[in-house]
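# Understanding the architecture of this molecule
These are the residues of each chain, in order.
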Amino acid sequence: MQYTNEELKEKIIDLKTKLDVTVVAHFYQRDEVFDIADITGDSLELATRTRDDDAEFVLFCGVGFMGQSVKVLSPKKRVVMPKIACCAMAKMIDAIYFDESIAFMEENGISKDNILPITYINSNADVKAKVGEMGGLVCTSSNAKFIISDALKVGKKILFVPDRCLGQNIANQMGLKSMVIGDGANPQDNDIICYDGFCSVHQLFSLEDIGFYRKKFPGILIAVHPECDPKICDASDFVGSTSQLIKYIKELPLEQKIAVGTEFNMVNRLRTKNTYILSSTKPECPTMNETTLEDVYVTLKAIEDLKPINEIHIDESTQKWAKIALERMLAL
Ligand code: 13P
Ligand code: SF4
């Protein structure tokens, strides 16, 4: 039988009151899913806030690496996901590609002891574990600059995975030299060596889009996420993570026009007027949008029937090292 969204919402609310479960949703989730969540936030907030929550089950509406981060930080919790949708950027690197990146640096005369790997939180647990085992740590888009400044103090070359844009944007902000593996540059001549991963959603924003809005609305502000290409970030007025973008935009006077370069669902619910999506193509994250209200209902019903589905399990060694990499970040 097919239910309407209103009927599904009622059923979900009813099941939530009966079950020992906390529903969490990332900012990029569809509105109807976002609305029924108990905790909402960016990827880091969701991982840390669920750690402090008492419920036995976390029902995570987001992408795979985010659900994994909750499980890694709180191994005793049972984490289920309505859809185990893998972030396209996280999919671009695995343990083998990570080892190849290390090998590339070694071939260019940088020994393993002189490499400090940092992984953006948008990576799967196997990559976080590799980074943890090598003495490295995780960063998010909100703390990447701080984490990299601290890491530089040990005087090693930084291997930054998987997002080449975030790595290069931070390097530019700090006046550091960066390269992308495969661009022909020598790692010896650079401070930050970036893996060649990227977010396809954040590549949709172009200099033409910025030019169009600046011409159409003189005085408009442009705010983008650091997963955008460095030339887009350089041409913008503000660059920030999802939480930082929300804070920045909410503090603006309502008459100030702004064009925003990040995922559609989040931008669409930010402000009632004078807010534009910085792209002629709707920038929806396909994997974030996979989770529907019906999926949430089916996943809650499975918990009620004592047959949980889509539960996150991580092997012991991956769990141990990925946790170390995440906790090194939290300790800072
Ligand atoms: P946040 O870490 O800001 O939640 O962003 C995650 C993400 O996937 C952005 O595209
Ligand atoms: Fe991954 Fe990009 Fe979607 Fe964020 S917007 S979850 S980086 S694919």
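Just above sits the structure.
Cut-offs applied
- Residues numbered from 1 in each chain as written.
- Chains lettered and ligands numbered in written order.
- Predicted model: local features only at pLDDT ≥ 70, side-chain atom pairs only at ≥ 80, totals over all residues.
- Heavy atoms only, no water.
- Buried < 20%, exposed > 50% of the residue type's maximum accessible area, 1.4 Å probe, protein only.
- Helix = DSSP H or I, 4+ residues; strand = E, 2+ residues; numbered from the N terminus.
- Contact = heavy atoms within 4.5 Å.
- Phe/Tyr/Trp six-rings, centres within 6.5 Å; stacked < 30°, edge-to-face > 60°.
- Salt bridge = Lys/Arg side-chain N within 4 Å of Asp/Glu carboxyl O.
- Core = buried A, V, L, I, M, F, W, Y, C linked by side-chain atoms within 4.5 Å.

## Comments concerning helix 6 (residues 125–133)
Among all positions of helix 6, only Ala 125, Val 127, Lys 128, Ala 129, Val 131 and Gly 132 are buried. Contacts made by the buried residues of helix 6 are with helix 4 (64–73), helix 5 (95–107), strand 5 (115–120), strand 6 (137–139), strand 7 (157–161) and helix 14 (316–331). One or two steps after helix 6, the chain reaches Gly 135, where phi turns positive at roughly 90°.

## A short note on the packing of aromatic side chains
A complete count under the given rule lists 7 aromatic pairs for this structure. Ring plane angle 45° and centroid distance 5.7 Å describe the contact between Tyr 213 and Tyr 276, whose orientation is recorded as tilted. You can see Tyr 213 sitting in helix 9 (residues 207–216) and its partner Tyr 276 sitting in strand 13 (residues 275–277), a full 63 residues away along the chain. Residue classification places Tyr 213 among the buried residues on the basis of a relative accessible area of 12%. For Tyr 276, a relative accessible area of 22% gives the class partly exposed. Aromatic pair Phe 238 and Tyr 248: ring centres 4.0 Å apart, planes at 5°, arrangement stacked. Linking Phe 238 in strand 11 (residues 238–239) with Tyr 248 in helix 11 (residues 242–250), this pair joins segments that are 10 residues apart in sequence.

## Quick look at the pattern of salt bridges
Under the criterion given, the structure shown has 17 salt bridges. Among the salt bridges present, the one from Arg 78 reaches Glu 311, with a minimum N-O distance of 2.8 Å. One end of the pair, Arg 78, is in strand 4 (residues 78–80); the other, Glu 311, is in the loop between helix 13 (293–304) and helix 14, with 233 residues separating them in the sequence. Overall, the relative accessible area of 29% leaves Arg 78 in the partly exposed class. Between Asp 295 and Lys 83 there is a salt bridge; the shortest N-O distance is 3.2 Å. Here Asp 295 is found in helix 13, whereas its partner Lys 83 is found in the loop between strand 4 and helix 5, with 212 residues between them in sequence. Take Asp 295: its relative accessible area is 15%, and that puts it in the buried class. Under the relative-accessibility criterion, Lys 83 is labelled partly exposed at 29%.

## Remarks on the nonpolar core
Formed by 67 residues in total, the largest nonpolar core has its most connected members in Phe 60, Ile 118, Ile 148, Phe 160, Ile 192 and Ile 258. Here this core gets 5 residues from one element, more than from any other, and that element is helix 4. Apart from the residues lying within four places of it in its own chain, the contact partners of Phe 60 are Val 24, Leu 46, Met 66, Gly 67, Val 70, Val 79, Val 80, Met 81 and Pro 82. In this structure, Ala 25, Ile 36, Val 80 and Leu 300 belong to the second largest nonpolar core, which totals 19 residues.

Nothing here speaks to function; it is all geometry.
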